[in-house]
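Listed here are the chains, written in short residue letters.
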Amino acid sequence: MSEVQRRKYSQEEKNAIFDGEFMPHIDSMYNFGYRLTFDEDDAKDLVQDTYLKAYRFINSFEQGTNAKAWLFRILKNSFINEYRKKSKQPTKVDYQEVETYYNSDDVHYQSTSDLRAESVKDMLGDEISNALNSLAVDFRTVIILCDLEGFTYEEMAKILDIPIGTVRSRLHRARNLLKEKLQGYAQNMGYNTDEEE
C-alpha cells in the first residue's frame, strides 16, 4: 500500500493555500453546514471547526487538487462525529427559559419562526425546502452535493467515502422520495404529474 505523501509547506505557502484555495468556498461550506444542522450557530461552528482542521492538516492537502471537495469531506466527517456525540447525550431542557416563558404575559402569542424556511425562501419554495429538509440526512446530503453544489459523482464518492454506485443509487432514491413528497405541490402549480407514458 502506498501512503499519501505529505508535503511540508512553509508558513507563507500555508497562508497562500488557505487564503487562495480554501477561503473562496466559505459560503458553500456554510450553506452545506446549515442544510445539515438546520441551525445558524451550529453551521457556523461546523464551518469554523472545518477550517481549523483544514489549516491544522494542510500538509495532507495536495495543492492544485479539488480544495472544495477536500473541505466538504472534512465538514461532513465533523458533522457525523458531532451528530454521534450529541445522539448519545440526553436532551437538555433549560427550565429557567420554560418558566420565564410560561410566566410571561404573551404566553398565547406564537412567536416561534422557522429559520430554515426564512433562510432559503429566496432560493427554493417553502414546499421544496420542507420536502428536502424532511429527508434523512444521507439522502439530503447527496441532493445538496449534486443538485445544489454541483459536485460530480466521483467527487461525491470521495466526500462521502462511499462507492460511486452507492452515490448513484442513493441519489436516485433521494430524488424519488422528493418526487413523491412534491407531487401534490407540482399538481397545484399546474404541472402534469401523470406517470402514463
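Just so you know, these numbers come straight off a predicted model, no measurement behind them.

**So, the packing of helix α2 (residues 26-37) against helix α8 (residues 137-148)**
Packed helices, taken two at a time, are described by their axes: the angle between them and the distance between them.
Here comes step 1: Two numbers describe how α2 lies on α8: the axes approach to 10 Å, and their chain directions differ by 155°. Classified by the angle their axes make, α2 and α8 are roughly antiparallel. In this structure, the crossing between α2 and α8 has a hand that is right-handed. Residues Phe32, Arg35 and Leu36 of α2 form the contact with α8, whose participating residues are Val137, Arg140, Thr141, Ile144, Leu145 and Leu148.
Here comes step 2: Taken together, the residues of the contact of α2 with α8 sort by class into six nonpolar, one polar and two charged.

**Notes on the pattern of salt bridges**
Here comes step 1: A full pass over the atoms with the stated rule returns four salt bridges.
Here comes step 2: Lys53 is the salt-bridge partner of Asp49, the closest N and O atoms lying 3.3 Å from each other. Residue Asp49 and its partner Lys53 are located together in helix α3 (residues 40-56), separated by four residues, close to a single helical turn.

**Overview of the packing of aromatic side chains**
Here comes step 1: Scanning the model with the defined rule gives nine aromatic pairs in all.
Here comes step 2: Members of the aromatic cluster, connected to one another through ring pairs, are Phe18, Phe22, Tyr51, Tyr55, Phe61 and Trp70.
Here comes step 3: Cation over ring: Lys68 sits above Phe151, and NZ or CZ is 5.1 Å from the ring centre.

**Quick word on the confidence of the model for the protein chain**
Here comes step 1: Looking at the protein chain as a whole, the pLDDT averages 82, with 78% of positions reaching at least 70.
Here comes step 2: Considering each helix and strand of the protein chain separately, the mean pLDDT is smallest for helix α6 (residues 115-120), with a value of 44, and largest for α3, with 95.
Here comes step 3: A low-confidence stretch, residues 107-123 stays under pLDDT 50, and its non-local contacts, those more than four residues away or across chains, total 16 contacts.

Scoring rules and cut-offs
Residues numbered from 1 in each chain as written. Predicted model: local features only at pLDDT ≥ 70, side-chain atom pairs only at ≥ 80, totals over all residues. Heavy atoms only, no water. Axes fitted to C-alpha atoms, helices over the stretch in contact; angles between N-to-C directions. Helix = DSSP H or I, 4+ residues; strand = E, 2+ residues; numbered from the N terminus. Parallel < 35°, antiparallel > 145°, perpendicular 65-115°, else oblique. Left-handed = near helix turned anticlockwise from the far one by under 90°. Contact = heavy atoms within 4.5 Å. Nonpolar A, V, L, I, M, F, W, Y, C, P; charged D, E, K, R; others polar. Salt bridge = Lys/Arg side-chain N within 4 Å of Asp/Glu carboxyl O. Phe/Tyr/Trp six-rings, centres within 6.5 Å; stacked < 30°, edge-to-face > 60°. Lys NZ or Arg CZ within 6 Å of the ring centre and 35° of its normal. pLDDT = per-residue confidence, 0-100.

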